[in-house]
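Below, each chain spelled out in residue letters.
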Amino acid sequence: MSSRQERQRPPQQRSHIAKIAARLMAEDGIASAALAKRKAARSLGLPDSAAMPDDVEVEAELRTYQHLFQEDEQEARRMQLLGIAARLMSTVQRFNPYLSGSVLDGTAGRYAEIDIQLFTDSAKDVEIFLLNERISYRHSAPRTDRAEAVLTLFIDGVVANLVVYPRDDERVSFKTRDGRIRERARLAKVLKLLAGNGISAA
């Protein structure tokens, strides 16, 4: 192989992995870009040391794939999830809820879950509140050491995760795995997104 071909191969390889990873996320419901990239690389027979695309590249390919092949389905699903998120955020308003994740950033697909961050003095307060409201939940494994608990609910066939953080962490800017600031939104912004599409959260 020529030196020119050697230089060209990594970018082409990264792009190919990103496209396959995006398809896996869109079609198979893989939520983790890192996992999707590993599966994509293995499907191409590449070693773990292969040059991998970053999460931004995968997200761009995911948006492109959804636009080309799932546009109507994906938009309807996202609006459904936004509506459920708004209702749930209204219910747990005393715990300072913020919507985050794919439902907010616009990449939520057919298997997406709702992620809502809560900031309070104690995760037990949230559990007691849910029990008093007769809202069933189960504990899930936190994805970060900062979270005190993850309480998973099932609403209208949708999975919603209440990720509980200490109250003081509300002032902290959380970052994604690749260093970007993780976007989050209060209820007012979620309602605005819904209103922009003529949808009520009721």
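Residues numbered from 1 in each chain as written. Predicted model: local features only at pLDDT ≥ 70, side-chain atom pairs only at ≥ 80, totals over all residues. Heavy atoms only, no water.

Student: Which residues make up the nonpolar core, and what are the values?
Tutor: Counting residues in each nonpolar core, the largest one holds 33 residues, and the members touching the most others are Leu99, Ile114, Ile116, Leu118, Leu162 and Val190. For this core, the secondary-structure elements that each account for two or more residues are helix H4 (71–91), helix H5 (102–105), strand S2 (114–120), helix H6 (123–132), strand S4 (149–155), strand S5 (158–166) and helix H7 (187–195). Take this core: its biggest share by element is eight residues, from H4. Apart from residues no more than four positions distant in its own chain, isoleucine 116 is found in contact with Ala85, Leu88, Met89, Pro97, Tyr98, Leu99, Asn161, Leu162 and Val163. Membership of the second largest hydrophobic core comes to 18 residues, among which are Ala21, Ala26, Ala36 and Ala40. (Core = buried A, V, L, I, M, F, W, Y, C linked by side-chain atoms within 4.5 Å. Buried < 20%, exposed > 50% of the residue type's maximum accessible area, 1.4 Å probe, protein only. Helix = DSSP H or I, 4+ residues; strand = E, 2+ residues; numbered from the N terminus. Contact = heavy atoms within 4.5 Å.)

Student: Account for H6, with residues named and values stated.
Tutor: Taken as a whole, H6 has its buried residues at Ala123, Val126, Glu127, Phe129 and Leu130. Down the axis, H6 shows its buried residues gathered within 160° of arc, on one side only. Every exposed residue of H6 that faces more than 90 degrees away from the buried side is listed here: Lys124, Leu131 and Asn132. Check the buried side of H6 and you find it contacts H4, S2, strand S3 (138–140), S4 and S5. (Arc of directions from axis to C-beta.)

Student: Explain the pattern of salt bridges to me, using residue names and the numbers behind them.
Tutor: Per the counting criterion, the structure on display carries 11 salt bridges. The closest approach of N and O atoms between aspartate 121 and arginine 167, which form a salt bridge, is 3.0 Å. In this pair, aspartate 121 sits in the loop between S2 and H6 while arginine 167 sits in the loop between S5 and strand S6 (184–185), placing the two residues 46 residues apart along the sequence. On the basis of relative accessible area, aspartate 121 is assigned to the exposed category, the value being 57%. The class for arginine 167 is partly exposed, based on a relative accessible area of 35%. For glutamate 183, the salt bridge identified is with lysine 189, shortest N-O distance 3.2 Å. Classification of lysine 189 as partly exposed rests on a relative accessible area of 38%. (Salt bridge = Lys/Arg side-chain N within 4 Å of Asp/Glu carboxyl O.)

Read these as geometric descriptors, not functional statements.
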